[in-house]
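# Notes for the structure review
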Amino acid sequence: MTSDEQDRIARGYLAFVVEAAPTSPLYARLAEEVARSDDVLAFLAGLPVGKRQPNLLFAAVQFLHGAPEDGDQLRSLVADDAERLRATMLGRATQTNEPARCGALLPVLGLLEGPLALIEVGSSAGLCLYPDRYGYSYDGVAVGPSDGLRIDVATSGGVPVPSEVPTVVARIGIDLNPLDPSDPDDRAWLRALVWPGPHAEARLQRLDAAARVAAREPATALTGDLLTRLPDALALVPPGCTPVVLHTAVLPYLPSDAREAFVEQVRGLPVRWIAQEGPGVVPGTGERAPSGWGPYFVVSLDGRPVARSAPHGGWLEWLSGPLAASAG
Ligand SMILES: C[S@@+](CC[C@H](N)C(=O)[O-])C[C@H]1O[C@@H](n2cnc3c(N)ncnc32)[C@H](O)[C@@H]1O
């Protein structure tokens with residue numbers, strides 16, 4: 001392990017401070033502490049590249065111990081429970097599944113001719129495959145079922161809020177490691193991935209409610225890489241419906257050549273394509289942050305940016321300005 005490596009890890013944690021600060025002041029503080037702690041940096045440097053990121057470390061700590069109160073407690077946990085922490089980080093991945101992202105997908109789905117067959121690549125537990133089973137409130141305007149989970153969305157820019165949810169006839173998820181919404185262990189991991197902060201309680205309640213919906217009506221889950229499994233998913237689409245390939249918060253996990261290959265692949269398919277990713281992750285959707293994330297997501301339809309959204313749901317801004325016009 002070199003000090004260069006530790007410096008690189010520290011820089012990643014400092015970049016995360018900016019990302020986490022608006023919604024999880026605790027994680028922002030913990031990430032700052034990690035960047036200053038030689039011991040925690042040495043622990044992280046002993047893990048393979050790709051297993052060192054803040055989301056994974058903090059989720060593993062939450063999973064095993066609950067959220068630490070401060071940097072001192074985090075350092076002690078890493079020192080005292082290094083082996084279990086290491087095993088958890090090696091055995092699991094950052095697979096945050098946020099059903100509130102459906103609040104940004106629904107108006108775009110409403111523009112498409114139904115019935116729809118949804119193919120989500122990078123689906124985690126598949127909780128974004130049920131946009132028709134959740135209820136919504138767009139600035140107080142209700143859409144969809146009123147007897148279960150409700151997703152609140154503050155809108156701007158003239159969001160075309162649909163009057164009803166679409167008809168979905170197929171739900172197909174592709175993931176390297178599909179999580180099972182009915183499995184208590186997978187659900188515990190999904191809960192551990194939620195950042196502590198003012199929105200955490202609402203997110204946990206949403207997660208539990210959405211997991212119950214998904215467990216009642218299981219989606220088809222295909223295991224494997226999105227590039228190789230996409231043709232298999234398409235083969236499962238029933239006739240007479242519109243196939244929609246969608247993804248949210250997935251493409252930054254791919255190396256750039258795989259990301260480019262995926263974009264080329266999906267552009268060549270007879271499908272509609274909805275992406276909800278950091279700016280610029282889909283070409284033509286803004287300037288890409290080095291991490292691939294950013295303070296907001298861009299929602300695009302067939303590669304054309306149509307809206308900005310909160311990364312974990314909550315607000316949606318419809319675009320009519322230069323970003324939308326620059327679409328290719
Ligand atoms: C952050 S989660 C997002 C889950 C869901 N789309 C959401 O927004 O709630 C990213 C998911 O992408 C999956 N993933 C990453 N790279 C992948 C690949 N090459 N092929 C298939 N799935 C992948 C991960 O396993 C993880 O479950």
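Calculation rules
Residues numbered from 1 in each chain as written. Predicted model: local features only at pLDDT ≥ 70, side-chain atom pairs only at ≥ 80, totals over all residues. Heavy atoms only, no water. 1 Å grid on protein atoms, 1.4 Å probe; cavity = no way out; pocket = protein on both sides within 12 Å on 5 of 7 lines; lining within 4 Å. Points joined across faces, edges and corners; volume = space filled by probe spheres on them. Nonpolar A, V, L, I, M, F, W, Y, C, P; charged D, E, K, R; others polar. Near = heavy atom within 4 Å. Polar contact = N/O pair within 3.5 Å; in protein donor to acceptor, adjacent residues only side chain to side chain. Helix = DSSP H or I, 4+ residues; strand = E, 2+ residues; numbered from the N terminus. Contact = heavy atoms within 4.5 Å. Pairing = 2+ DSSP bridges.

### As for the layout of surface pockets
Of the volumes computed, that of the second largest pocket is approximately 190 Å³. Taken together, Arg133, Pro145, Asp147, Gly148, Leu149, Ala209, Arg212, Val213, Arg216 and Glu217 form the lining of the second largest pocket. Along the lines of polarity and charge, the residues of the lining of the second largest pocket split into 4 nonpolar, 1 polar and 5 charged.

### Remarks on the site of the ligand
Lining the immediate environment of the ligand, one finds 19 residues, of which Asn97, Arg101, Asp175, Asp225 and Thr248 sit closest. Between the ligand and the protein, one listed contact pairs an oxygen atom with a backbone N or O atom of Thr96 at 3.4 Å. Here an oxygen atom of the ligand and a side-chain polar atom of Arg101 are 2.6 Å apart.

### Observations concerning the environment of Pro107
Structurally, Pro107 is set in helix H7 (residues 102-109). Considering only alpha carbons, one finds Pro107 and Ser163, 56 residues apart in sequence, at a separation of 9.5 Å. Residues in contact with Pro107, not counting those within four places in the same chain, are Tyr138, Val159, Pro160, Pro162, Leu316 and Trp318.

### Quick word on the pairing of strand E10 (residues 304-309)
Summarising the sheet, strand E9 (residues 297-301) and E10 pair through 5 bridges and their orientation is antiparallel. Paired with Ser300 across the two strands is Pro305, which belongs to E10. For E10 and strand E11 (residues 315-318), the ladder comprises 3 bridges, and the chain directions are antiparallel. What sits directly across from Ser309, in E11, is Leu316.

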